[in-house]
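# Structural overview
The primary structure of each chain is shown beneath.
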Amino acid sequence: MLGEDGSMARKARRQPRPPDRLVQDLARQMEFLRRSCHSYDEGFEGEACRLAVTLRVLLHDTSRSSALLTQAGILNGGTLFADSSQPIDPKNLLPNPGLVMMAIDAERGGEYVPRLDGGAWALRLVPFADWWDAPVSKDKAGNLWSRKQHVLTLAHKEGGAHVDPDLDPLYEALVTANGFGMQFQASDGDLIDFAGDPAAASVRQISHEFLITAKRLTLGDGTRIAGLRPRQSGQVT
């Protein structure tokens, strides 16, 4: 018996997504990521929410859905990913911004920004399971944040795909109360908190790491996913 919305009929018509469609879906998500990175770098900090949604589609497996890279046969827990973070030293009680650094500008003051290719820590390759789930940031209260937490908070709670009606107090402290606790000395000697959204900057850096990683990830035919571009309407392959 059909429901009012015809749900059983739709379920009966479901069929596996063809490989060529998966490739085009992957090409589209890669283009989303590149364009959102450009938008963020042009000054729209809110673009981090859309970066988070794209990263979720590409990387996040659940009991009910598979990441696009998993469906494409590319991703498993041992797949090596680029890690640009400042390693967390468990013996150091100070905060660790992990994926971001502090920049001081004469006009903008001090703010948290993504490292991109900067920073003193050499790029490393780590298994995806560690890259995604292991702590990568430590705030001034000692709370630990993984890349997965940074991404899913923006995607699920802060406007990427959904706005949660209740505020997350740990996230609020991180982004509105100088959660990493860093300060700089102004010309008059006063200490001033760094501004900017460290969670958004972290997601931009995670996107940068993924784009570096994508240069190494290949489809079954050897095509590197970093080079995928979506087909234009009417284009024949």
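The coordinates are above.
Below is a short write-up of the structure. (Residues numbered from 1 in each chain as written. Predicted model: local features only at pLDDT ≥ 70, side-chain atom pairs only at ≥ 80, totals over all residues. Heavy atoms only, no water.)

Let us now look at the nonpolar core. By size, the foremost hydrophobic cluster in this structure holds 51 residues, and its most contacted members are Leu 26, Leu 59, Leu 69, Phe 210 and Ile 225. Of all the secondary-structure elements, those providing two or more residues to this core are helix H2 (19-41), helix H3 (48-59), helix H4 (68-71), helix H5 (128-133), helix H6 (147-156), helix H7 (169-176) and helix H8 (198-214). At eight residues, H3 tops the list of elements feeding residues into this core. In contact with Leu 69, not counting residues within four places along its chain, are Leu 26, Leu 58, Leu 59, Ile 74, Leu 75, Phe 210, Leu 217 and Ile 225. (Core = buried A, V, L, I, M, F, W, Y, C linked by side-chain atoms within 4.5 Å. Buried < 20%, exposed > 50% of the residue type's maximum accessible area, 1.4 Å probe, protein only. Helix = DSSP H or I, 4+ residues; strand = E, 2+ residues; numbered from the N terminus. Contact = heavy atoms within 4.5 Å.)

It is worth spelling out unusual backbone geometry at this point. Positive phi is not limited to glycine here, since Leu 116 has a value of about 50°. Mapped onto the secondary structure, Leu 116 falls in the loop between strand E3 (109-114) and strand E4 (124-127). Positive phi, normally seen in glycine, also occurs at Asn 178, with a value near 50°. Here Asn 178 lies in the loop between H7 and strand E7 (183-185).

With 23 residues, H2 extends 33 Å from end C-alpha to end C-alpha; this agrees with the ideal 33 Å at 1.5 Å per step. Positive phi shows up at Gly 43, right after H2, with a value of about 120°. (Expected span 1.5 Å × (residues − 1).)

With that settled, the discussion passes to H3. Its twelve residues give H3 an end-to-end C-alpha distance of 16 Å, which sits within 8% of 16 Å, the value for a rise of 1.5 Å per residue. Of all the twelve residues making up H3, nine are buried; the element is thus mostly covered by neighbouring parts of the structure. Considered for burial, the residues of H3 that qualify are Ala 48, Cys 49, Leu 51, Ala 52, Val 53, Thr 54, Leu 55, Leu 58 and Leu 59. Tucked into the core, H3 has its buried residues touching H2, H4, strand E1 (80-83), H5, H6 and H8.

Attention shifts here to the pattern of salt bridges. Where charged atoms from two side chains of opposite charge come close, those side chains can pair. Under the defined criterion, the tally for this structure stands at eleven salt bridges. Linking Arg 28 and Asp 25 is a salt bridge whose minimum nitrogen-to-oxygen distance equals 3.1 Å. Of this pair, Arg 28 and Asp 25 both sit in helix H2, three residues apart, which is roughly one turn of the helix. The partner of Arg 50 in a salt bridge is Glu 47, and the shortest N-O contact between them spans 2.8 Å. For Glu 47, a relative accessible area of 3% translates into the label buried. Each of Asp 83, Arg 124, Arg 147 and Glu 209 takes part in salt bridges that share partners, so that together they form one network. (Salt bridge = Lys/Arg side-chain N within 4 Å of Asp/Glu carboxyl O.)

The quantities given are spatial measurements derived from coordinates; they are silent on function.
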